[in-house]
Amino acid sequence: MLRRVTVAAVCATRRKLCEAGRELAALWGIETRGRCEDSAAARPFPILAMPGRNKAKSTCSCPDLQPNGQDLGENSRVARLGADESEEEGRRGSLSNAGDPEIVKSPSDPKQYRYIKLQNGLQALLISDLSNMEGKTGNTTDDEEEEEVEEEEEDDDEDSGAEIEDDDEEGFDDEDEFDDEHDDDLDTEDNELEELEERAEARKKTTEKQSAAALCVGVGSFADPDDLPGLAHFLEHKTLDTLEKWVTEIFSQIPNNGLPRPNFGHLTDPFDTPAFNKLYRVVPIRKIHALTITWALPPQQQHYRVKPLHYISWLVGHEGKGSILSFLRKKCWALALFGGNGETGFEQNSTYSVFSISITLTDEGYEHFYEVAYTVFQYLKMLQKLGPEKRIFEEIRKIEDNEFHYQEQTDPVEYVENMCENMQLYPLQDILTGDQLLFEYKPEVIGEALNQLVPQKANLVLLSGANEGKCDLKEKWFGTQYSIEDIENSWAELWNSNFELNPDLHLPAENKYIATDFTLKAFDCPETEYPVKIVNTPQGCLWYKKDNKFKIPKAYIRFHLISPLIQKSAANVVLFDIFVNILTHNLAEPAYEADVAQLEYKLVAGEHGLIIRVKGFNHKLPLLFQLIIDYLAEFNSTPAVFTMITEQLKKTYFNILIKPETLAKDVRLLILEYARWSMIDKYQALMDGLSLESLLSFVKEFKSQLFVEGLVQGNVTSTESMDFLKYVVDKLNFKPLEQEMPVQFQVVELPSGHHLCKVKALNKGDANSEVTVYYQSGTRSLREYTLMELLVMHMEEPCFDFLRTKQTLGYHVYPTCRNTSGILGFSVTVGTQATKYNSEVVDKKIEEFLSSFEEKIENLTEEAFNTQVTALIKLKECEDTHLGEEVDRNWNEVVTQQYLFDRLAHEIEALKSFSKSDLVNWFKAHRGPGSKMLSVHVVGYGKYELEEDGTPSSEDSNSSCEVMQLTYLPTSPLLADCIIPITDIRAFTTTLNLLPYHKIVK
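The paragraphs below set out a description of the structure included in this document. (Residues numbered from 1 in each chain as written. Predicted model: local features only at pLDDT ≥ 70, side-chain atom pairs only at ≥ 80, totals over all residues. Heavy atoms only, no water.)

Observations regarding the sheet that holds strand 20 (residues 609-617)
The following threshold applies: Pairs of strands are assigned from DSSP output, requiring at least two bridges between the strands. For the purposes of this entry, the term helix denotes a DSSP run of H or I that reaches at least four residues, the term strand denotes a run of E that reaches at least two, and both are numbered from the N terminus. Lines fitted to C-alpha atoms define the axes, with helix axes restricted to the stretch in contact, and inter-axis angles between N-to-C directions lie between 0 and 180 degrees.
Pairing is mixed across the open sheet formed by six strands, whose spatial order is 16-17-22-18-20-19. Looking at the sheet topology across the chains shown, the edges are occupied by strand 16 (532-537) and strand 19 (600-605). Neighbour-to-neighbour, the strand axes of the sheet open up by a mean angle of 10 degrees, direction not taken into account. Sheet topology note: the strand 16/strand 17 (residues 540-546) ladder contains five bridges and is antiparallel.

With respect to the sheet that holds strand 14 (residues 473-474)
Cut-off, in case you're wondering: Any two residues whose heavy atoms approach within 4.5 Å at even a single point are treated as in contact.
Here we have seven strands laid out as an open sheet, ordered 11-12-10-13-9-15-14, and mixed in their pairing. Of all strands in the sheet, those with a lone pairing partner are strand 11 (334-340) and strand 14, marking the two edges. Here strand 10 (residues 289-297) pairs with strand 12 (residues 353-361) via eight bridges, running antiparallel. If you follow A290 over to strand 12, its bridge partner there is T360. Sitting on the sheet, helix 9 (residues 369-386) touches strand 9 (279-282), strand 10, strand 12 and strand 13 (459-464), and the angle it makes with strand 10 is about 40 degrees.

Considering the nonpolar core
If you look at soluble globular proteins, the nonpolar side chains tend to sit buried side by side. Stated formally: Remark: nonpolar core denotes a set of buried residues (Ala, Val, Leu, Ile, Met, Phe, Trp, Tyr, Cys) joined through side-chain atoms within 4.5 Å. Type-normalised accessible area, obtained with a 1.4 Å probe on protein chains alone, sets the label of each residue: buried when under 20%, exposed when over 50%, and partly exposed for intermediate values.
If you look at the biggest cluster of nonpolar residues, it comprises 157 residues, and the most contacted ones within it are W295, L561, F579, L695 and F702. Those residues in contact with L695 that sit more than four places away from it in its chain are L575, I578, F579, I582, F635 and F642. Within the second largest apolar cluster, 46 residues are counted, among which are V771, L809, L824 and I857.

Here's the deal with the environment of K554
Heads up, the rule is: For the purposes of these results, a polar contact is taken to be a pair of N or O atoms within 3.5 Å, where, inside protein, one atom must be able to donate a hydrogen and its partner to accept one; residues adjacent in sequence count only when each atom of the pair is a side-chain atom.
Position of K554 among the secondary structure elements: in strand 18 (residues 554-562). K554 sits in the buried class, given a relative accessible area of 7%. Taking the C-alpha atoms as reference, K554 lies 9.1 Å from L520; in sequence the two are 34 residues apart. In this structure the side chain of K554 is engaged in a polar contact, spanning 3.5 Å, whose partner is the backbone oxygen of Y406.

Some points on unusual backbone geometry
Positive phi, normally seen in glycine, also occurs at N277, with a value near 60 degrees. For N277, the location among the structural elements is in the loop between helix 5 (240-251) and strand 9. Phi at T808 is positive, roughly 50 degrees, even though this residue is not glycine. Note on placement: T808 falls in the loop between helix 21 (782-806) and strand 26 (812-820).

Take a look at the structure:
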């Protein structure tokens, strides 16, 4: 049955739309089971994101339906069927890509939008993006359209995709760029390359022409039909007229039974229960202290033009002077705070809205969690007493307006999903703006929501391992321990009284970082296609490129402060992590105003130096950059902050080590990269104890001798760019390095044969195992690297099919092309469970797959081979969707000191020269008698794995090893005859030859 269906399509192909249309028509031809009800996972509200933070994504796209279907505008046209289409298309003539003027869009948005409503009631938003078409027009023939079809499934399984991974600076920070949403873990040595490569790889999974389509069905999850179709993405560039013709032809056949949508208006207060307004203690697996305070408010969807929760979350989540977090950080009680609405159907729907404040606590903060909650209530009472402030509202509106006006293009798949949902929520003119902009200042609406946030209506959840022994209940599904308590009487009485305000809490001052000058600067040097080195001194160098493609008033500044001091000992690596985290902590308050003004920054503890990344509107960007360098130059720490950060870093290291996938990576790189300090080395050095004095001594020595390398790109002149490097050199006043320092590890040469390093997982409650089989190739050329990419691309689908679909070994299955500090290789990884499989069985299955794959590529037709080559070429020819992607690619060359900015062009040239025999011979060369194989097994706990004494291991225990050290396991008879065991990594690697430093540039 057709409740309310919306379709958003960016240039979808006819063939794939036809297939989807037939499937949908068939599905709706069958009577739908269950009623259409409110979805517990729906997102019926506008996105209300914290300032300066990435917007949360909901996992379900089934919003509540508006009364009477909420038509998207009186002037929307109903698409006509049959012969009328050709007449209409003929009349429009040159206007075949004309969009609807009613739809308000950003001036920087090159796309055209058209809304149509089919005779069966289905509503569609058509989006045509003919930008970056390199002279192509929309008038391609049907034959050309069919030849260029690419399809991407909605799930796009990340765990099954072929990866291209650089191991040069392996780290464990998996945050996206500038994602400041709080986590309990601190930054550790971040792999700048890995982060760049992950973004590049995600981009490779789209087509070369930025296209997608999405279907959003207004059906709730209370009684979903089992076969309800999800989203599908169809990729190709077409005009709006072509899209309209296809959508009309395909989706008009879906029947509409005209049933009214169920009404849930009677469920006005679902949290009116004795189980709410309590204190819940919860025991997590990870080491973390966190307090979450939650309120249930009346639904706010009708106030999207005011966005009261966005206004409140802006203030509650503020980190500048006078904020909740500023006060708690000074007390050393908290590390991070996030306030607002999670934007899922559980937190926003037609019966209520949830407002939560989550605070990551320190050990001391956990002991004072009632005082922490009291501080929150004092701040909210201050806001209620002052009432809404128009100055604050206008400041938020100005920042959001600036960002919308100069917005960069986003991933097309996410974009159409979001637009599809917006069609369910907003009138036609607000489809693009409804979830982003503030339209009207109505203090009474904000005040009404604000006045609901009182202690008497709050529910508290305290998450901590220290709760163990205090929790007498167990959650049904996952066995999580928890308890329910009344709020302590003394605190309940205080919160019910007219308690005093905290004089340290106040509204933020006027923001000096909001940009007002958006002028595009003129070139002051010759225009270049790639970055050029404009400064080169013994102390540092600077690469520069003025943007003339995206033409937005934004800039990216990136610097790498390189020092040989970091890798001299495990203690030094830990001190460096502490230093970067304290520096970030020190900057949090003074830099927060810049953060909310869309000037974003991140400090990364790289393996060979400090990486500083800054981006945003170029007008005020120098102020933020100078602030960071000033705090770096004048670095200091109190004993309390030092203790707080080191204690939290212990939790971070611990949480990394108990994950089988990160432990497997750590073990693999500890074997391959000479002089690398493992995460276990770092954890032990931290547990042995480090002093504030040792930190300050380390930082002083670090800043005394450096080589600084930078990249400045965007709406900046070369003169302004040189000033950034000059400021760093002048402010830090450092000496140059005595000799050039490589920003990579030296890699050991694996002996011929199959080596196995098998260790126990460090979380005794975890059944998950990780098995990686790695083949080392050696010091190779760019042509050979590209051939390895092609090999892995061919390997992806059969690997997934054999190991996951047919053998059902696990969900986490993928082949990877690996660049480990310039040394080429490839691997196959399977995440499995000890309750189902022994890791050695999985290893043998990987070998079975590789044997079958050899036969498969030998039988590959020339047509199939050429198809894959063409696909990879198209991926490499993909246009950048925004300036940041171009900067990422260029920065990857700078941070690795490779400087091959036209790498993609060289790889495309190499691809065009390959034959099928090249691929087959390449694979056989790695699988022959002289192959260099390394298997790494991190073994979970379960009946299919044995303890050291030969007894089956148990996964019942929910604890982790406090003394972190590797436990090597013996090889079973299954692999004993064909592998060489590694039972001591250091002893094994000291006997091996070192490969020369190498870069894949020729």
